[in-house]
Amino acid sequence: MNGRILFPLAFFYLLVAALPAQSDQFVVRSITGVVNCVEHPGADQHRLVHGQTLGLDAVVSLSSGASVHLLYKDQSISLEEAGNYPLKTLAADRSKESSSFLRRFFNYVYEGIVNTSGPKQIEKYHEQYLTQSSGGIKGFAGADYGVTITQPVMGNLIPQSMAFEWFSAGDSILYDFQIIDYQTDGLIFKALLRDTSLVVNLQQLAVEPGRKYYWVVWQKRLGETTLGFPLADDPYRRSPKMEFVVSGMQVQDLAMDLKATDEYKNADETDRSLMLAQVLEEANYPAQANQVLLGALEKEPGDPLIRKVYAAFLIRQGLWEAAQRQL
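Let us look at the structure shown here. (Residues numbered from 1 in each chain as written. Predicted model: local features only at pLDDT ≥ 70, side-chain atom pairs only at ≥ 80, totals over all residues. Heavy atoms only, no water.)

Another point: the overall build of the chain. The helix and strand inventory of the chain stands at 10 helices and 16 strands. Expressed as a percentage of the 327 residues in the chain, the buried residues total 49%. Summing over all exposed atoms, the chain offers an accessible surface of approximately 15,500 Å²; the carbon and sulfur share of this is 51%. (Helix = DSSP H or I, 4+ residues; strand = E, 2+ residues; numbered from the N terminus. Buried < 20%, exposed > 50% of the residue type's maximum accessible area, 1.4 Å probe, protein only. Areas by Shrake-Rupley, 256 points an atom, 1.4 Å probe, with all protein chains shown as cover.)

Following this line, the structure appears as structure tokens:
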């Protein structure tokens, strides 16, 4: 299928709706002053930490002048008065006044934090996406590959220079990078290199807007014949086949539409970055969403919330090893 968007927005929401329900937890988005909590009856009191998750049995305690901003599913809850707050009560009384966009945004952040809050949650989240074909990886389905991709250069790509990257497979390995026509398996571009990254200007290639392609990296050992093509498709000697469509400059329209909204204008810098990443991911521009999230991490390298949201994003793209490095 040669549509402009590989998988439309409706598919994204059907995919999320099909996933198992998240366990009920609160996410600590920001803290001012002294905020403590008891996580369950009989537990010791401790200070809250930015990016922490709390179950419904927890009780949050604010001292005078303190405040805390929480997420619960698709709702944002701000506590600004001194006192004790049972989270079970907050869950039952939560407001429904947020806009549709904000509810989606809060759930986007909530999903990222809750599903990367511990080893079991991370593994379960990973398994959810292994059971489906990834939106940008040909024949994904959890196969083991000899070359592991680090960045989600797939989905809808704008016609510009793109950096293709992968993890090293060993000092004696050469890499045969190829861009292939999805429909005909015809070779569009080929490069043999020692490095684990390559910048390619898509404008200079013979690719058609709206037509599907994929890129793949094959292992070749020093001394092995470097010309020609593999005789058999052996996943243990290559990367996944990362599908993409050159789709024009819709990214600019998406960003302009988002920036015109009151929700974006009223958000802080971090939330603006996460909002833009969410919109780009929903429209199947994972490469651009990845750059936005990396930019947010560079500005706030110690923010566990951004790092967890980014790790969850990488898991959704099928990049399990890259996500592990963030956690």
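Applying the stated criterion across every chain, the model contains 10 salt bridges. Salt-bridge contacts for Arg 316 lead to Glu 111; the nearest nitrogen and oxygen are separated by 3.9 Å. Here Arg 316 is found in helix H9 (residues 304–316), whereas its partner Glu 111 is found in helix H3 (residues 100–114), with 205 residues between them in sequence. The two residues Arg 316 and Glu 111 agree in class, both being buried. (Salt bridge = Lys/Arg side-chain N within 4 Å of Asp/Glu carboxyl O.)

With respect to the element layout, Ala 163 can be found in strand E11 (residues 161–165). Sequence separation of Ala 163 and Gln 151 is 12 residues, and the distance between their C-alpha atoms is 8.5 Å. The residues contacting Ala 163, other than those within four sequence positions of it, are Val 153, Leu 198 and Val 199. (Contact = heavy atoms within 4.5 Å.)

Here we take up the packing of H3 against helix H7 (residues 269–282). Think of two packed helices as two axes; the pair is described by the angle between the axes and how far apart they sit. Across the interface, H3 lies against H7 with an axial gap of 10 Å and an inter-helix angle of 95 degrees. Judged by the angle between their axes, H3 and H7 are roughly perpendicular. Counting all contacts with H3, which are made through Phe 101, Leu 102, Arg 104, Phe 105, Tyr 108 and Val 109, the residues of H7 involved are Asp 271, Leu 274, Met 275, Ala 277, Gln 278, Val 279, Glu 281 and Glu 282. Here the contact of H3 with H7 is composed, by residue class, of 9 nonpolar, 1 polar and 4 charged. (Axes fitted to C-alpha atoms, helices over the stretch in contact; angles between N-to-C directions. Parallel < 35°, antiparallel > 145°, perpendicular 65-115°, else oblique. Nonpolar A, V, L, I, M, F, W, Y, C, P; charged D, E, K, R; others polar.)

On the basis of which strands lie adjacent, the open sheet formed by 4 strands has the order E4-E1-E6-E7 and antiparallel pairing. Two strands lie at the open edges of the sheet, namely strand E4 (53–55) and strand E7 (75–79), each paired on one side alone. Each neighbouring strand pair of the sheet contributes to a mean axis angle of 30 degrees, computed without reference to strand direction. Pairing between strand E1 (residues 25–32) and E4: 3 bridges, direction antiparallel. (Pairing = 2+ DSSP bridges.)

Attention now goes to the packing of aromatic side chains. Scanning all chains against the criterion turns up 10 aromatic pairs. A ring pair is formed by Phe 26 and Tyr 72, whose centres lie 4.5 Å apart and whose planes are at 15 degrees; its orientation type is stacked. Highlighted residues: Phe 26 in strand E1 and Tyr 72 in strand E6 (residues 67–72), separated in sequence by 46 residues. Tyr 72 shares its class with Phe 26; the two are buried. When the ring of Tyr 310 is compared with that of Phe 313, the centres are 6.1 Å apart and the planes differ by 20 degrees; the resulting orientation is stacked. Placement of the pair is Tyr 310 and Phe 313 together in helix H9, with a separation of 3 residues, close to one helical turn. Accessibility classification places Tyr 310 together with Phe 313 in one group, the buried group. Put simply, the rings of Phe 164, Trp 166, Tyr 175, Phe 177, Phe 189 and Trp 215 touch in pairs and so form one group of aromatic residues. The residue whose ring lies beneath Lys 212 is Tyr 182, and the NZ or CZ to ring-centre distance is 4.5 Å. (Phe/Tyr/Trp six-rings, centres within 6.5 Å; stacked < 30°, edge-to-face > 60°. Lys NZ or Arg CZ within 6 Å of the ring centre and 35° of its normal.)

Moving on, we come to helix H5 (residues 250–259). What H5 keeps buried is the set Gln 250, Val 251, Leu 254, Ala 255 and Leu 258. Each buried residue of H5 lies within a common arc of 140 degrees when the element is viewed along its axis, so the set occupies one face. Among the exposed residues of H5, those oriented more than 90 degrees off its buried face are Met 256 and Asp 257. Among the structural elements, H3, helix H6 (262–265), H7 and helix H8 (286–299) are those in contact with the buried residues of H5. (Arc of directions from axis to C-beta.)

So, about the pairing of strand E5 (residues 59–62). The pairing of strand E2 (residues 35–38) with E5 spans 4 bridges and is antiparallel. Bridging across to E5, Asn 36 finds its partner in Ser 61. As paired elements, E5 and strand E8 (residues 83–86) share 4 bridges and run antiparallel to each other. When the sheet's bridge partners are listed, Val 59 is paired in E8 with Pro 86.

Just geometry here; none of it tells us what the structure is for.
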